[in-house]
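# Structural features, examined
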Amino acid sequence: MAEEVKLYGTWSSPFSRRIELALKLKGVPFEYIEEDLSNKSPELLKYNPVHKKIPVLVHNSKPIAESQVILEYIDEIWNNNPILPQDPYQRAMARFWAKFIDEKALATRMKANFAEGKERELVTEEFFQQMKFLENELNGKDFFGGETIGFVDIVAIVVAIWFPLTQEVLGVETFTEEKFPVLFKWIRKITEIDVVNECRPPREKHLAYVKARIEGLKSASK
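No experiment lies behind these values; they were computed from the predicted model shown. (Residues numbered from 1 in each chain as written. Predicted model: local features only at pLDDT ≥ 70, side-chain atom pairs only at ≥ 80, totals over all residues. Heavy atoms only, no water.)

### As for the nonpolar core
Let me state the cut-off plainly: Definition of nonpolar core: a set of buried residues of the types Ala, Val, Leu, Ile, Met, Phe, Trp, Tyr and Cys, connected through side-chain atoms within 4.5 Å. Whether a residue is buried, partly exposed or exposed follows from its accessible area with a 1.4 Å probe, protein chains only, as a fraction of its type maximum: under 20%, in between, or over 50%, in that order. Contacts: residue pairs with any heavy atoms within 4.5 Å of one another.
Within the largest apolar cluster, 53 residues are counted, with the highest numbers of intra-cluster contacts made by L21, M131, L134, V159, F175, L183 and W186. Excluding residues that lie within four positions of it along the chain, W186 makes contacts with L138, D142, F143, F144, D153, A156, I157, V159 and A160. Counting residues in each nonpolar core, the second largest holds 7 residues, with Y8, I33, Y47 and I54 among its members.

Right, dumping it as structure tokens:
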């Protein structure tokens, strides 16, 4: 009997896109269900009643929520092409940096998008320091995972694709190759991988979406 693997996500979300990428790297066939977050399906609410968010992976009728939890589950269930290191210390460090990206770098970047005046200066400096931490971790390696794409690389797709796009929409230049040459070298490498590009949103559609979302958030905050 074939395994049931379903992914509930949205096309614009880096969190569901990272699950899609992990499944494709593993060669796992899955059914993708696009969710309308303004009108969430009964299935999504059933499978993730706590957070009511995407992504949700359903494996043989068992739901798993939260993207990093899902990534670890995928790596444990399908052992081929491991994305987490085998060494316990290196595995712990991968979890640390993945958490750093989602809880620190992403949050700071979002804050910088809307900060003004002195606050923008302070937040931009905080973002700069966080990106330098990532550069130090990456320095001397092709990928955060070493010679191949791994757990941190998958989580950091938000840095490679979503950060530059948001910056383009805002018309600012805080995240540039001049400031972060190591990260931009990594971005070039990772976006040369076919399966990564298969999992990125269509550029023009994504630009329009991000622009509309940022304008909506700015209007709501007035």
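Text resumes after the structure shown.
### Some remarks on helix α7 (residues 157-170)
The test is simple: Comment: elements are numbered from the N terminus, with helices defined as DSSP H or I runs of at least four residues and strands as E runs of at least two. Between the first and last residue of a helix there are one fewer steps than residues, each counted as 1.5 Å, and that sum is the expected span. Bend, in this description, refers to the angle at a residue between axes fitted to the seven residues ending there and the seven starting there.
Over its 14 residues, α7 extends 20 Å from the first C-alpha to the last, a length consistent with the 20 Å expected when each residue adds 1.5 Å. Along α7, the largest kink reaches about 25 degrees and is centred on F163; proline P164 follows within four residues of it. Burial analysis of α7 places 10 of its 14 residues in the buried class, which makes it a mostly covered element. Inspection of α7 places I157, V158, V159, A160, I161, W162, F163, L165, T166 and Q167 among the buried residues, and these make up the whole buried set. Remark: G171 follows α7 within two positions and exhibits a positive phi of approximately 70 degrees.

### A word on the pattern of salt bridges
As a reminder, the rule being used: Each reported salt bridge corresponds to a side-chain nitrogen of Lys or Arg within 4 Å of a carboxyl oxygen of Asp or Glu.
All chains considered together, the criterion is met by 13 salt bridges. Across the pair R95 and E72 runs a salt bridge, and its minimum N-O distance is 2.9 Å. A residue pair is termed long-range when its members are at least 10 positions apart, and R95 in helix α4 (residues 88-114) and E72 in helix α3 (residues 67-77) qualify at 23 residues. A relative accessible area of 18% means that E72 is categorised as buried. For E121, the salt bridge identified is with K118, shortest N-O distance 3.8 Å.

### What to know about the sheet that holds strand β4 (residues 62-65)
Cut-off, in case you're wondering: At least two DSSP bridges between two strands are required for those strands to pair. Note on method: axes are straight lines fitted to C-alpha atoms, helices fitted across the in-contact stretch only, with angles between N-to-C directions ranging 0 to 180 degrees.
The strand order β2-β1-β3-β4 describes an open sheet built from 4 strands, whose pairing is mixed. Edge strands, defined here as strands with exactly one partner in the open sheet, are β2 (31-34) and β4. Direction aside, the axes of adjacent strands within the sheet are offset by 20 degrees on average. In this sheet, strand β3 (residues 56-59) lies alongside strand β1 (residues 5-9) in antiparallel orientation, the contact comprising 4 bridges. Its bridge partner lying in β3, K6 is registered against V58. With respect to the sheet, helix α1 (residues 14-26) is in contact with β1 and β3, its orientation differing from that of β1 by roughly 155 degrees. Here α3 sits on the sheet and contacts β3 and β4; the angle it forms with β4, its principal contact strand, is near 130 degrees.

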